[in-house]
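Tertiary structure, described
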Amino acid sequence: GTITLVIQRVGVSSHKLTSLNVGDFILDILGPLGQATHIKNYGTVLCAGGGVCIAPLMPIAKELYKAGNRVITVLAGRTKELVILEKEMNACSFETIVMTDDGSYGKKGIITDGMDEILKREKIDQAVVIGPAIMMKYAAMRDSLLEDVHVADRNDRYSGDSLTMQSDVPVD
């Protein structure tokens, strides 16, 4: 089989990986880690992710869509270039809102601004939010979202009957 890697070139390892040519190989890969996200028909699902955290959100949103959910997506990045997989997310979403910090694409603002826009007009039955710790903190503060909020790190992905919060770093 094959896997798709989404890599942002920032350090030594990511530069080495993006320098590989067709036919080159990687000796070992570990994953996936943690528990799988529970997929079922919840109703209306808010999926939100920013930057490289859109990558793990995409297959979850795709499966939620296939399960019959009405998926509404909020994508974000500091700039237009950092908003990835928009076409793929559009394909499994009834609506997609794009936010950029600098206003270079979509609406100017941060991801929680886009979440607030949705929450003001929609009843959300489930949410999947993936991002850095600070984004997760402010996403979890959306008290109008759902009552039961659990914030987890990437190795402890939680999926209850309410809110799935995933972070790329541990959150206290």
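Residues numbered from 1 in each chain as written. Predicted model: local features only at pLDDT ≥ 70, side-chain atom pairs only at ≥ 80, totals over all residues. Heavy atoms only, no water.

**Let's talk about the packing of aromatic side chains**
Given two aromatic rings, their pairing is described by the distance between the two centres and the angle made by the two planes. The cut-off we apply is this: Two aromatic rings from Phe, Tyr or Trp, using only the six-membered ring of Trp, form a pair when their centres are within 6.5 Å; if the ring planes differ by under 30 degrees the pair is stacked, by over 60 it is edge-to-face, and anything between is tilted. For helices the rule is a DSSP run of H or I covering at least 4 residues; for strands it is a run of E covering at least 2, with both sets numbered from the N terminus onward. When accessible area is computed with a 1.4 Å probe and restricted to protein chains, residues below 20% of their type maximum are described as buried, those above 50% as exposed, and intermediate ones as partly exposed.
All told, the structure shown has one aromatic pair when counted by the stated rule. Between Y65 and F94 the ring centres are 5.7 Å apart and the planes differ by 50°, which places this aromatic pair in the tilted class. One end of the pair, Y65, is in helix α2 (residues 54-66); the other, F94, is in the loop between α3 (86-91) and β3 (95-100), and 29 residues separate them in sequence. Relative accessible area serves as the criterion here: at 54%, F94 is assigned to the exposed category.

**What to know about the side chain of S14**
The test is simple: Think of a polar contact as two N or O atoms within 3.5 Å of one another; within protein, one of them needs to be a possible hydrogen donor and the other a possible acceptor, and neighboring residues in sequence only count if both atoms come from side chains. The contact definition used throughout considers only heavy atoms, calling two residues in contact when any of these lie within 4.5 Å.
Relative to the helices and strands, S14 is located in helix α1 (residues 12-18). Of the polar contacts made by the side chain of S14, one reaches the backbone nitrogen of G11; its length is 3.0 Å. The contacts of S14, once residues within four sequence positions are left out, are I7, Q8 and R9.

**Here we look at the state of the cysteines**
To be explicit about the condition: In what follows, a disulfide is any cysteine sulfur pair within 2.5 Å.
Taken as a whole, this structure holds zero disulfides when the rule is applied. Cysteine C92 shares no disulfide, and the gap to the nearest cysteine sulfur, in C47, comes to 7.3 Å.

**Focus on the pairing of β3**
Keep this limit in mind: Between any two strands, at least two bridges found by DSSP are needed for them to pair. Here a crossover is taken to be right-handed if, once the strands point away from the viewer, the path from the first strand over the helix to the second is traced clockwise.
For strand β2 (residues 70-77) and β3, the ladder comprises six bridges, and the chain directions are parallel. In the strand pairing of β3, A76 is matched with M99. Note that the unit made of β2, α3 and β3 has a crossover that is right-handed. Two strands pair when backbone bridges link them, and β3 and strand β4 (residues 107-108) are joined in this way by two bridges, in the parallel orientation. When the bridges of β4 are listed, M99 appears paired with K107.

**Remarks on the pairing of strand β1 (residues 44-50)**
Side-chain direction in a regular strand flips from residue to residue, so the side chains alternate between the two faces of the sheet. With seven of its seven residues buried, β1 lies for the most part within the structure. By the alternation rule, side chains of β1 split into T44, L46, A48 and G50 and V45, C47 and G49, which are all buried. As defined by bridge partners, β1 adjoins β2 across seven bridges and the pair is classed as parallel. What sits directly across from G50, in β2, is A76. Remark: the β1/α2/β2 crossover connection has right-handed handedness. Of the pairings in the sheet, the one linking β1 to strand β5 (residues 126-131) comprises five bridges and is parallel in character. Residue pairing for β5: A48 is matched across the bridge by V129.

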